[in-house]
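Survey of secondary and tertiary structure
Listed below, chain by chain, are the residues.
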Amino acid sequence: MTAERTAPADLEEAVRLMTEAAARGDALAFVGGGTEAEFGYPPERVDLEIETRRLCSVVDYAPSDMVVEVEGGMPLAALQRVLAASGQRLALDPPLPERATLGGLLATNAFGPRRLRFGSLRDLIVGITLVRADGTRVRGGGKVVKNVAGFDLPKIAVGSFGSLGLIATATFRLHPLPQAARALRIAGVPGSKLHAIGRDIVDSRLEPAATYALRTDDGYDAWVLFEGFEAGVAEQCERFAQHAAQAGLAAPAEEPPATFSSRDAGARTAGDLHLRLAVPPSALDLLQRDVLDDLAGALDAARMTVYPALGIAFVSATLGARDPVPAILRARSLLEAWGGNLVVPASPAALRARVDVFGTLPPAFPLMAQLKARFDPQRRLERGRFIGRL
Amino acid sequence: MSRAQVLTAEAELAAAVGRAATLTGPGDLRTYECDGLDGLRVRPRVVVLPATTQEVAAVVRIARRHRLPIVPRGSGTGLSGGALPSPGCLLVVLSRMNRILGIDLENRRMRVQPGVINLDVSRAIAAQGYYYAPDPSSQSVCSIGGNIAENSGGAHCLKYGFTVNHVVAVTVVLADGSIVEIGSPATDSLGYDLLAAVVGSEGLVGIVTEAVVRILRTPETTRTFFATFPSTDEAGSCVSEIVAAGIVPAAVEMMDALAIEAIVKATHVDWPLDVGAALLMDVDGTRAEVEHTASAAVEIAWRCGALGVRTPADEAERALMWKGRKSAFAAMGRISPNYYVQDGVIPRSQISTVLREIAELAAREGLRVANVFHAGDGNLHPLVLYDARIAGQEALAERVGGEILRICIRYGGSITGEHGVGADKAVYLGELFGEADIETMNYVRCAFDPERAFNPGKVFPTPRLCGDVPGKYHAHATETAGTAGRG
């Protein structure tokens, strides 16, 4: 399959290209920074790839309203630099921010550990401009954070893999950059005590910005990040040390906040096989005991990061001599039985036919198929890539 | 519909939910002819009060068979006419479905029926130190189902988000009577975010019969203060300065002189009457963090020209302050026979400017407008005061309300922040959005309810069809609409 690739210079050109493509009946795929390019089923047909890298301007930024509208091709890190000059940020910390574009992040609903405190993209987006399959440019939401006028197109587009339209611009609510940030790490945390930085830390009324745990040869490296004003962060760090002592854990060591993000991202982006596991937070003990240990034994060079308060784990590995498929399928069936799921955002071609990307379809799938049919009746956008091969 | 057909439908409905739960008498029907927007009234054909999801599914199937439009209703406190009956409709009242079905503290979830009262969710878990965040002012009477339909907010959504950020799964009865679960009770769900289509759908996609909501740990520390200012200008810049200082308050509410007067008369809070505006603000979080943000915010208030700053001496006084704020709409009765409330949103930085424009508009039209609103997120609640006994004043109040929405649109805002479009503001949706935008929103509705059985006549400015699905392709439509494009 050889598709043409084009990078429109502005929204008008994108609209024109998509209108022409509609007239020809071309099947389209959208290309952002390529950080999640493998996520989803391989598209059934692509005649034209529309690359968003030149759609990378800030459309409107009102620091006093803490809202920004950007074009979909803008990389996250570039946006953060603009916002930082006004002491603000988009509270989103997925891996690879230099490459990942806002449009791509929205399409795949990407997130990092700060989701604990700030929520995910559906909690941050307030407005959107989509270019529909027929080339029509449409808006939803707006430029104010609080808004219930009409159906919530911005949130509906989050995690839609480009299957409803090109994400041309998006408007986000922003947060202040914290005055102080401190990261703490505790080594050698046994898997049975991961809840110390999950459920227990929330129960203790501490308010970390993020926590995660990296699997090591010796249990887990538990990481906690506090952000806020100096005095508040200092108090929380002190109380976290007490909290750790009460849980029977080693004393936390201070680390640079930048390392907090890079360690998690490093674990998530290693290798060529990526899994994302989700369970109810109450199943955290089961997850590490019955699933992660099993996967660690079956995968080569496995790296794992767990977001214990969210009940989410990312596993990455390199396909080697061993066959990981039976362990992945075992994991999926356990997770689905617990009310969770296992998604495969990236995998080598050899595995694709043997492990489904999304697993069992959700009960509301027929409604999803209806939604796709309304937005894109000819299935010309990202044909076959999304859940259920929509 | 012939008389005989009506009787048949009524008999079938009574068989499905019981005779006592099927209301057909004129007196009973009159009770349900309006919601909180009492200027609009339509008598429903029949009212049913189902008790289970299966009963809801049964009445939906019956209504579809007899071609009755279906309008869902919770507590009927909505202010946009979202639960206003459609002519000849079956009104499905969910208030009997008011049980809490499960509390899962470990995953911080609660499963409730739609008729459960908002405040009762928090009450059920308060002793364990948890609460449900969305807190509309009507929270002691409004229902979770109604909150879901309207994507209700409240004072504290500034920090904690709206209903859509706190509902993780719903059970919905669709137009064909089928029952489907959307979202996931305790983890991320896969596929399109259909929850975002249901929450805030104003009763247009189906009937929610169960919901799983997220519950939060109550913050360790909350500090409240009440600051008075010479005018809304100083109060407005105080809000902007607080936010610019990197503080995210849990809530910042503003009241102008007229609103303060009404609240003082109605609730006997001892607020000063010789001020131009007041702010009621909460900051919450961990101890040292709150100490810092509270004292920084108070300092900013003084710097912005506060006339006085009060902090409540105890929880009782704090509760009284908030009661004053939350009683504001009801208090208007003390200063005006009638009022018409709007719900426009503007960028926070434009508060002072827009309030001045509204005041000029009111003066020009000879009406008074009181303002009590969520200043932190620019969600205005202008209360247009009028006397319905004076010929023409009601219509004038509505016209002024409409002009206020146009001002909000002009400043880059929205026509509704939390009350919904409903029947009241449908006409203004077409001023906020273009035809293609609205057509696209209709795609979402049509995916759920292609025959538009649910709540017809609401939200969309003009009736629109769903068309066939899928497959048919009309090239000319795409070309003409597409090249035109819309900003």
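Residues numbered from 1 in each chain as written. Chains lettered and ligands numbered in written order. Predicted model: local features only at pLDDT ≥ 70, side-chain atom pairs only at ≥ 80, totals over all residues. Heavy atoms only, no water.

Bringing the overall build of chain A into the picture now. Secondary structure assignment for chain A yields 13 helices and 18 strands. For chain A, whose C-alpha radius of gyration is 21 Å, the value lies close to the compact-globule estimate of 21 Å for 390 residues. The 390 residues of chain A split such that 61% are buried. In chain A, of all internal contacts separated by at least 6 residues, the share reaching a separation of at least 24 is 71%. The distance from the centre of the 44 positive side-chain charges to the centre of the 45 negative ones in chain A is 3 Å. (Helix = DSSP H or I, 4+ residues; strand = E, 2+ residues; numbered from the N terminus. Rg over C-alpha atoms; globule rule 2.2 N^0.38 Å. Buried < 20%, exposed > 50% of the residue type's maximum accessible area, 1.4 Å probe, protein only. Contact = heavy atoms within 4.5 Å. Lys, Arg positive; Asp, Glu negative; His and termini not counted. Charge placed at Lys NZ, Arg CZ, Asp CG, Glu CD.)

Attention now moves to the overall build of chain B. For chain B, the helix and strand inventory stands at 17 helices and 18 strands. The globule rule puts the C-alpha radius of gyration for 487 residues at 23 Å, and the 23 Å found for chain B is close to it. Overall size of chain B, expressed as C-alpha extent along the three principal axes, is 70 × 55 × 55 Å. A buried classification covers 62% of the 487 residues belonging to chain B. When contacts within chain B are restricted to residue pairs at least 6 apart in sequence, those whose partners lie at least 24 apart make up 71%. When the accessible surface of chain B is totalled, it reaches about 17400 Å², and 52% of it is carbon and sulfur. (Areas by Shrake-Rupley, 256 points an atom, 1.4 Å probe, with all protein chains shown as cover.)

What follows covers the environment of Pro113 of chain A. All names here are of chain A. With respect to the secondary-structure elements, Pro113 resides in the loop between α3 (102–108) and α4 (115–118). Given a relative accessible area of 2%, Pro113 falls into the buried group. Sequence separation of Pro113 and Val344 is 231 residues, and the distance between their C-alpha atoms is 19 Å. Those residues in contact with Pro113, other than ones at most four positions away along the chain, are Asp93, Ala209, Ala210, Thr211, Tyr212, Phe260, Asp264 and Tyr307.

Moving on, we come to the sheet that holds strand β16 (residues 300–307) of chain A. Residues and elements named next belong to chain A. If you walk across this open sheet you meet the 8 strands as β14-β11-β13-β12-β16-β17-β15-β18, and the pairing is antiparallel. Each having just a single partner strand, β14 (253–255) and β18 (341–346) make up the two edges of the open sheet. Direction aside, the axes of adjacent strands within the sheet are offset by 25° on average. Along the sheet face, helix α8 (residues 230–246) touches β11 (180–189) and β13 (219–228) and points at about 10° away from the line of β11. (Pairing = 2+ DSSP bridges. Axes fitted to C-alpha atoms, helices over the stretch in contact; angles between N-to-C directions.)

The subject of this paragraph is helix α2 (residues 76–84) of chain A. Each full turn of the α-helix corresponds to 3.6 residues, which orients residues three or four apart in the same direction. All names here are of chain A. Among the residues making up α2, those that are buried are Leu76, Ala77, Leu79, Gln80 and Leu83. Down the axis of α2, the smallest arc covering the buried residues is 155°, so these residues share one side. Summarising the contacts, the buried residues of α2 are in contact with β4 (58–62), β5 (67–71), β6 (88–89) and α3. (Arc of directions from axis to C-beta.)

The next thing to look at is the confidence of the model for chain B. Residue and element names in this part refer to chain B. Residues at a pLDDT of 70 or more form 96% of chain B, whose mean pLDDT is 93. Residue range residues 471–487 is modelled with pLDDT below 50. Its contacts to residues more than four positions away, or to other chains, number 27 contacts. As a predicted assembly, this complex carries a pTM of 0.96 together with an ipTM value of 0.97. (pLDDT = per-residue confidence, 0-100.)

To continue, consider the interface of chain A and chain B. Taken together, the contacts link 83 residues of chain A with 99 residues of chain B. Between chain A and chain B, the buried area comes to about 7500 Å², and carbon and sulfur atoms account for 58% of it. In this structure, the connection of chain A to chain B is made through 31 residue pairs in polar contact (both at pLDDT 80 or more). Looking at which element gives the most residues to the side of chain A that touches chain B, the answer is helix α13 (residues 365–375) of chain A, with 8 residues. Each residue belonging to the side of chain A that touches chain B can be placed in one class, and the counts come to 40 nonpolar, 21 polar and 22 charged. (Buried area = accessible area lost by both parts, 1.4 Å probe. Polar contact = N/O pair within 3.5 Å; in protein donor to acceptor, adjacent residues only side chain to side chain. Nonpolar A, V, L, I, M, F, W, Y, C, P; charged D, E, K, R; others polar.)

Glancing now at the domain arrangement of chain A. Residue and element names in this part refer to chain A. Per the domain assignment, the segments of chain A are domain 1 (4–176 + 377–389), domain 2 (178–256) and domain 3 (270–359). Centre-to-centre separation of domain 1 and domain 2, based on C-alpha positions: 33 Å. Contacts between the two partners involve 7 residues from domain 1 and, on the opposite side, 9 residues from domain 2. Across the domain 1/domain 2 interface, buried area totals approximately 690 Å², and carbon plus sulfur atoms make up 52% of it. Between Arg89 and Glu227 there is a salt bridge, with its nearest N and O atoms 2.6 Å apart. There are 3 residue pairs in polar contact (both at pLDDT 80 or more) connecting domain 1 and domain 2. (Domains from an automatic or database assignment. Salt bridge = Lys/Arg side-chain N within 4 Å of Asp/Glu carboxyl O.)

Counted according to the given criterion, the structure contains 1 disulfide over all chains. Just so you know, Cys157 of chain B is unpaired, no disulfide at all, and the nearest cysteine sulfur is the one on Cys142 of chain B, 13 Å from it. (Disulfide = S-S within 2.5 Å.)

The subject of this paragraph is the sheet that holds strand β7 (residues 125–131) of chain A. Residue and element names in this part refer to chain A. The strand order across the open sheet formed by 5 strands is β4-β5-β9-β7-β8, and the pairing between neighbours is antiparallel. Each edge of the open sheet is held by one strand with a lone partner, namely β4 and β8 (137–141). Neighbour to neighbour, the strand axes of the sheet diverge by 10° on average, direction disregarded. Bridging between β7 and strand β9 (residues 166–173) involves 6 bridges; their strand directions are antiparallel. Each bridged residue has a counterpart across the sheet, and for Ile125 the counterpart in β9 is Phe172. Seen against the sheet, helix α1 (residues 11–24) touches β5, β7, β8 and β9 and runs at an angle of roughly 140° to β9.

Applying the stated criterion across every chain, the model contains 65 salt bridges over all chains. Note that Arg123 of chain B and Asp120 of chain B form a salt bridge whose closest N and O atoms lie 3.1 Å from each other. Placement of both Arg123 of chain B and Asp120 of chain B in helix α4 (residues 118–126) is noted, with a separation of 3 residues, approximately one turn of the helix. By relative accessible area, Asp120 of chain B is classed as partly exposed at 30%. When salt bridges that share partners are traced, they join Arg5, Glu49, Glu51 and Arg53 of chain A into one network.

Moving on, we get to the nonpolar core. The nonpolar side chains of a soluble globular protein tend to be buried with one another. Counting 96 residues, the largest nonpolar core has Leu90, Phe172 and Phe358 of chain A together with Val170, Ile182 and Phe448 of chain B as its most contacted members. Looking at which domains feed residues into this core, each of domain 1 (4–176 + 377–389) and domain 3 (270–359) of chain A supplies at least three. Formed by 47 residues, the second largest nonpolar core is a distinct cluster that contains Phe229 of chain A together with Ala301, Tyr340 and Val369 of chain B. (Core = buried A, V, L, I, M, F, W, Y, C linked by side-chain atoms within 4.5 Å.)

This part takes up the packing of helix α13 (residues 351–365) of chain B against helix α14 (residues 393–410) of chain B. Residues and elements named next belong to chain B. At a minimum axis separation of 11 Å, α13 and α14 run at an interaxial angle of 155°. When the axes of α13 and α14 are compared, the pair comes out roughly antiparallel. You can see that α13 and α14 cross each other, and the crossing is right-handed. Every residue of α14 that contacts α13 at Val354, Glu357, Ile358, Leu361 and Glu365 is listed here: Leu396, Arg399, Val400, Glu403, Ile404, Ile407 and Arg410. Among the residues making up the contact of α13 with α14, the classes are represented as 7 nonpolar, no polar and 5 charged. (Parallel < 35°, antiparallel > 145°, perpendicular 65-115°, else oblique. Left-handed = near helix turned anticlockwise from the far one by under 90°.)

This next bit is on unusual backbone geometry. Residues and elements named next belong to chain B. The phi dihedral of Asn151 falls on the positive side, at around 50°, and the residue is not glycine. Looking at where Asn151 falls in the secondary structure, it is placed in the loop between α5 (144–150) and α6 (157–160). By relative accessible area, Asn151 is classed as buried at 7%. At Val459, a position not held by glycine, the phi torsion is positive, near 70°.

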